[in-house]
Amino acid sequence: MSDAPVIVAGGGQAGAQAAVSLRQAGFEGRIVLVGDEPSLPYQRPPLSKDYLAGKLEESGLLLRAEKVYADQRVELMLGEQITAIDTARRSISLASGGELAYSHLVLATGARNRPLPAPGAELDGVFYLRTLAEARSLRERLGQTRRAVVVGGGFIGLEFAAAARAHGIAVSVVEAAARPMSRVLSVQMSSYLAARHDTNGVPIILNRSVQRFVGENGRLTGVVLDDGTVLEADLAVVGIGVLPNAELAEAAGLAVKNGVVVDENLLTSDPFISAIGDCASFPSSFAGGLIRLESVQNATDQARCVAARLAGKPTPPYNNVPWFWSEQYDVRLQMAGITSSHDQAVLRGSPDDNAFSVFCFRDGAFLGAESVNRTPDHLAVRKLLAAGIAITPEQAADLSFDLKLAAAPPAAAAVSAAK
Ligand code: NAD
């Protein structure tokens, strides 16, 4: 490696982890972290949960204290944007002017909100929720809000709805698809969540989209749906998915397909550039091909994997078990595996008990599970998937079948203990 630093592009969960892990893995050279947000790297998951609900303050959001970066000799360039990558000269251009050479570049540029191209979206009162700045202005507005409309019944929309109910705000959700969270959840889990929102006074209006936002004196007063329905609202939150920030990579000639394409070592089509986290499209045996994942697990694990490789450690191909979580009201939803292609979903436990799992299969093969308030199921499923141990639909549905034991059979446990 040249004397030039490793540059990490992006100060989100993946970027911050990569920079710190690189040092912890024994890398001795310079590490520069360039992030366009002004704040120190922070956790995004609480933004739509405890932070909005007023249970967590900004100081509790930081991923690491400023001192940690100094101690680990990670040079922070915050509030700074990378405008171009020159792969031939191995350098980046900065918005503030100047260039910076790299020995290796780690793209952790993340994703951005997918904009809703509806008239009136510029009205005061229409919000998105991804960054700390967005969450801060949204939180400030909650105290003056009576009625909110959420556009998109995905992670952001449903978590915001639950947080807003805790503030006593009347909330409706408008979802374009036939059920909420259909991108990631089974029909059974979607129905359960819809019922929980209904019980908490949040109707989810399905198969509808927003035609326009309307307002008075520049301030939002209502949302008009595509069937002409008008929902009164003094606040709207749009959460209709994200787009990967892959333009820099594309302009530099790297392979891009729903994100920056990487191989099993998270290396892009350029041998001096890796990509991790929300912006990376990587091969996964759990997805049966290239996939781009938007989760803390993916960001953290991929960051550690690249850091180890750059520190010269032997690294197996990246193929970690994907897992995700969400919190809505008292529902703790945990998902393991990539289950979207399932053709069979089996219940373990009962939704009536508010503690159950949905196990997903395709052609009889086990893909993963979604769990509500059944963390032991979730943890066992992660172990089963990591070990490549298959279970049958009958075993999944049988509460007397010991999942934990199946995930760590005595023979396997004995072998690992002997090692
Ligand atoms: P999402 O993909 O989870 O949900 C978007 C929803 O909007 C989908 O249900 C989709 O059908 C719907 N939709 C799309 N276009 C629409 C339209 N025009 N009108 C109405 N509905 C429409 O995305 P999100 O909720 O915006 O979340 C953004 C990102 O944040 C994702 O990366 C997500 O994984 C991440 N996130 C994760 C968590 C978590 O893991 N717990 C929590 C919050 C956010």
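Everything that follows concerns the structure shown earlier in this document.
Residues numbered from 1 in each chain as written. Predicted model: local features only at pLDDT ≥ 70, side-chain atom pairs only at ≥ 80, totals over all residues. Heavy atoms only, no water.

1. A few points about the site of the ligand
Then comes step 1: Neighbouring residues of the ligand: 25 residues in total, closest Ile 156, Glu 175, Arg 183, Glu 294 and Trp 325.
Then comes step 2: Interatomic distance of 3.0 Å between a side-chain N/O atom of Arg 114 and a nitrogen atom of the ligand.
Then comes step 3: Expressed as a share of its isolated accessible area of 840 Å², the protein-covered part of the ligand is 85%.
Then comes step 4: Those elements that place two or more of their residues in the shell around the ligand are α5 (155-166) and β22 (323-328). (Near = heavy atom within 4 Å. Polar contact = N/O pair within 3.5 Å; in protein donor to acceptor, adjacent residues only side chain to side chain. Areas by Shrake-Rupley, 256 points an atom, 1.4 Å probe, with all protein chains shown as cover. Helix = DSSP H or I, 4+ residues; strand = E, 2+ residues; numbered from the N terminus.)

2. Focus on the sheet that holds strand β23 (residues 331-337)
Then comes step 1: Pairing is antiparallel across the open sheet formed by five strands, whose spatial order is β22-β23-β26-β25-β24. Each of the sheet's edge strands pairs with one partner strand only, and the pair in question is β22 and β24 (344-350). If you compare each strand with its neighbour and ignore which way they point, the axes differ by 15° on average.
Then comes step 2: Here β22 pairs with β23 via six bridges, running antiparallel. Along β23, the bridge assignment pairs Gln 328 with Val 331. (Pairing = 2+ DSSP bridges. Axes fitted to C-alpha atoms, helices over the stretch in contact; angles between N-to-C directions.)

3. A short note on the packing of aromatic side chains
Then comes step 1: Evaluated as defined, the whole model comprises five aromatic pairs.
Then comes step 2: On the basis of an interplanar angle of 20° and a centroid distance of 5.9 Å, the ring pair of Phe 359 and Phe 366 is categorised as stacked.
Then comes step 3: Judged by relative accessible area, which is 0%, Phe 359 ranks as buried.
Then comes step 4: The buried category is assigned to Phe 366, whose relative accessible area is 12%.
Then comes step 5: With a centroid separation of 5.5 Å and an interplanar angle of 45°, the aromatic rings of Phe 361 and Phe 366 are classed as tilted.
Then comes step 6: A residue is classified by how much of its surface remains accessible, and Phe 361, at 0% relative accessible area, is buried.
Then comes step 7: Here Arg 90 stacks its cationic end above the ring of Phe 272, 3.5 Å away from the centre of that ring.
Then comes step 8: A cation sits over an aromatic face here: Arg 382 above Trp 323, 3.9 Å from the ring centre. (Phe/Tyr/Trp six-rings, centres within 6.5 Å; stacked < 30°, edge-to-face > 60°. Buried < 20%, exposed > 50% of the residue type's maximum accessible area, 1.4 Å probe, protein only. Lys NZ or Arg CZ within 6 Å of the ring centre and 35° of its normal.)

4. Digging into the environment of Asp 398
Then comes step 1: With respect to the helices and strands, Asp 398 occurs in the loop between α10 (393-397) and α11 (403-407).
Then comes step 2: The partly exposed category is assigned to Asp 398, whose relative accessible area is 35%.

5. Some remarks on unusual backbone geometry
Then comes step 1: At Arg 90, a position not held by glycine, the phi torsion is positive, near 50°.
Then comes step 2: With respect to the helices and strands, the residue Arg 90 is situated in the loop between β4 (82-86) and β5 (91-94).
Then comes step 3: Within the chain, Met 181 stands out as a residue other than glycine whose phi angle is a positive 50°.
Then comes step 4: Residue Met 181 is classed as buried on the basis of its relative accessible area, which comes to 4%.

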